[in-house]
Amino acid sequence: MKKTAYLLAASAAMILVGGASAMAAPSCGLNNGKKAEGEPIQVGAVVGRTGPDDFSSSAKAAQAYFNCVNDNGGINGRPIEYLVEDDQWNPEVAGQVAAKLVKDKNVLALVGSASFVEMGVNAKLYQDENVMSMASGCAVAECFESKNIVSTNQGPLPSSVGAAQWAVANLESKNVVCIGLTIPTVGRYSCGWTEKYMQSKNLTGSSVLIDPGAADMNSAYLEAVASGADTILVNLPAGMAAALLQVVMESGAQDQYKWISSTPLYDKDVPALLGDAWSGKMYVNAELTPIDGTGPDATNWREIMDKYGETSDPRDTFSQSGYLSARFFVDAMLKLDPAKIDRNSVTDAIRAIKNEKSDLLCGPYYVGPGDRHMPNHANVMMQMIDGGFKQVGGCADVDSAYLDPIRAQEKELGISSN
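Residue positions are counted from 1 within each chain, in the order its sequence is given. Local features in this predicted model are restricted to residues whose pLDDT is 70 or higher, and side-chain atom pairs enter the listing and the counts only when it is 80 or higher, whereas totals over whole chains, interfaces and linings include all residues. Side-chain figures throughout are based on the complete set of non-hydrogen atoms in the structure, without hydrogens or water.

Draft legend 1. View of the nonpolar core. What makes a nonpolar core is a set of buried Ala, Val, Leu, Ile, Met, Phe, Trp, Tyr and Cys residues whose side-chain atoms join them at distances within 4.5 Å. Summary of the burial criterion: residues with accessible area below 20% of their type's maximum are buried, those above 50% are exposed, and those between are partly exposed, where the area comes from a 1.4 Å probe applied to protein chains only. If you look at the biggest cluster of nonpolar residues, it comprises 139 residues, and the most contacted ones within it are Phe66, Trp259, Phe329 and Ile350. Here a strand is any run of E in DSSP of at least two residues, a helix any run of H or I of at least four, and the numbering for each starts at the N terminus. Counting residues per element, this core draws most heavily on helix H11 (residues 317-333), at nine residues. Any two residues whose heavy atoms approach within 4.5 Å are treated as being in contact. Apart from the residues lying within four places of it in its own chain, the contact partners of Trp259 are Tyr221, Ile232, Val234, Leu245, Val248, Ala253, Gln254, Trp278, Lys281, Met282 and Tyr283.

Draft legend 2. Expanded view of the pairing of strand S2 (residues 80-86). In terms of burial, S2 is a largely internal element, five of the seven residues being buried. Strands qualify as paired when DSSP identifies two bridges or more between them. Here strand S1 (residues 41-47) pairs with S2 via seven bridges, running parallel. Looking across to S2, one finds that Gln42 is bridged to Glu81. If you view a crossover with the strands going away from you and the path from the first strand over the helix to the second runs clockwise, you call it right-handed. Between the parallel elements S1 and S2, the chain passes through helix H1 (residues 57-70) in a crossover that is right-handed.

Draft legend 3. Focus on the environment of Leu360. Its location among the elements puts Leu360 in the loop between helix H12 (343-351) and strand S13 (378-385). By relative accessible area, which is 0% here, Leu360 ends up buried. Spatially, the C-alpha atom of Leu360 lies 8.8 Å from that of Pro296, the residues being 64 residues apart in sequence. Beyond its immediate stretch of four places on either side in the chain, Leu360 contacts Leu288, Thr289, Asp297, Ala298, Gln320, Tyr323 and Leu324.

Draft legend 4. Summary view of the packing of aromatic side chains. Pairing of aromatic rings covers Phe, Tyr and Trp, the last through its six-membered ring, and needs centres within 6.5 Å; plane angles under 30 degrees mean stacked, over 60 mean edge-to-face, and all others mean tilted. A full pass over the atoms with the stated rule returns 13 aromatic pairs. These aromatic residues form a ring-pair network of at least three members: Phe55, Trp89, Phe116 and Phe318. Here, over-ring charges are defined by two tests on the NZ atom of lysine or the CZ atom of arginine: distance to the ring centre within 6 Å, and angle to the ring normal within 35 degrees. Over the aromatic face of Tyr402 sits the side chain of Arg372, whose NZ or CZ is 5.7 Å from the ring centroid.

Draft legend 5. Region of the structure containing the confidence of the model for the protein. Chain-level pLDDT for the protein is 92 on average; 94% of the residues reach the 70-or-more range. Summary of the metric used: pLDDT quantifies the predictor's per-residue confidence within the range 0 to 100. Taken together, the stretch residues 1-22 has pLDDT below 50 and engages in 52 contacts with residues farther than four places along the chain or on a different chain.

Draft legend 6. Spatial organisation of the sheet that holds strand S8 (residues 175-181). Taken together, seven strands build an open sheet; the order of strands is S9-S8-S10-S11-S12-S13-S14 and the sheet is mixed. Across the chains shown, the open sheet's two edge strands, defined by having one partner strand only, are strand S9 (204-210) and strand S14 (388-397). Within the sheet, the average angular offset between the axes of one strand and its neighbour, ignoring direction, is 25°. As paired strands, S8 and S9 are joined by seven bridges and run parallel to one another. In the sheet register, Leu181 faces S9, and the bridge partner there is Ile210. Each of S8, S9, strand S10 (231-234) and strand S11 (258-261) is contacted by helix H7 (residues 217-226), which is oriented at about 165° to S9, the strand it contacts most. Comment: axis = line fitted to C-alpha atoms, over the contacting stretch for helices; angle = value between 0 and 180 degrees taken between N-to-C directions.

Draft legend 7. Region of interest: the pattern of salt bridges. Within this document, salt bridges are pairs made up of a side-chain nitrogen of Lys or Arg and a carboxyl oxygen of Asp or Glu, the two lying within 4 Å of each other. Under the definition given, this model contains 15 salt bridges. Of the charged contacts, one joins Lys60 and Asp54 as a salt bridge, the two residues approaching to 4.0 Å between their closest N and O atoms. On the accessibility criterion, Lys60 (29% relative accessible area) is partly exposed. For Asp54, a relative accessible area of 42% corresponds to the partly exposed category. With a closest N to O distance of 3.8 Å, Arg343 and Glu129 form a salt bridge. Remark: Glu129 occurs in the loop between helix H3 (118-128) and strand S5 (133-135) and Arg343 occurs in helix H12; sequence separation between them is 214 residues.

Draft legend 8. Main features of the state of the cysteines. Whenever a pair of cysteine sulfur atoms sits within 2.5 Å, that pair is classed as a disulfide. Summed over the entire model, instances satisfying the criterion amount to four disulfides. Residue Cys138 pairs covalently with Cys143 via a disulfide, S to S 1.6 Å. Owing to a relative accessible area of 2%, Cys138 belongs among the buried residues under this scheme. Judged by relative accessible area, Cys143 falls into the buried class, the value being 0%. Take the cysteines of the protein that form disulfides and number them in order along the sequence; they join up as 1-2, 3-4, 5-6, 7-8.

See below:
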């Protein structure tokens, strides 16, 4: 697999999470140190904050970035008013809160949304109302197969396939079982394409799907064991993944399998939560570059979170993704006449985003007019070790036929990874 040319030199090195970075003033927006006092620009987000797991770190990072922007001139003098709604992992609630934001509050865009249900419910609403969602925590297929949704994160399909791809090449995995969620366009979508990847290599893949509303981790683990797999892929939200791995640890079976995971376990607090029993044994795919990276955006993201976020806000991949969605949105808005900003001009400005580069990404970010969007589809691998993470795989593009129309679109748009 090719590596992108602009990957930081450090990204191929073995890096431990947790190193301190030198404190500096964060950079954002106009960066002029003047509070924005004009007419607010309303921007929304829908997150799954309460329910089976908390999936809101991306919106917290977007909020921190917008706080910084408002302290530094806003959008050419206009502050951003950020309205975040909780869908409670409930499709009915997801529809209600999105309608509230789009129809009642008339938000000009959504930025930093993260959910396992809302994009599937609201994709048609966003298209009908000509409002763009620059999401940061997409999990469902509809998020990547919709005209008006684009995300800085990859979602579980590239992350799971990327993890399996790395395990086949580096752990000699022959039979991978993917443990995911029963949500049709989450588990069947991501684990299903992981099975297809394994089959494309004349290897074996299978899936175990868990009901997020009534998760039985012991049964899920036993079903995975019964599959005959040599490698278990944990494709679950971080809290649920930790619960599953606790069951495995209590069984004393963590040494009997090779263990890989999609992105949610890549959180600086997870190694301490899981303990030494998983040190050296769990390999986690990261949809963005390492959370302790030394590049400009990696450093600025941490500084933004330290100054404008809460100490309790997660420092994870989805936080990085929320920061990037907010930054790319602000950069696009600053090109507009502040007196003529409306939903149509904002939607057009977002669609015009092209070849944005960041050290947090393995590839360029873009939007375009297409009916589907997945600009981020190259990832890295991390090993959980010694209370942190060590990078063990550099940026690699995901090997999946699912990406064929995405790559065709990139060719048509002139998207370059050089």
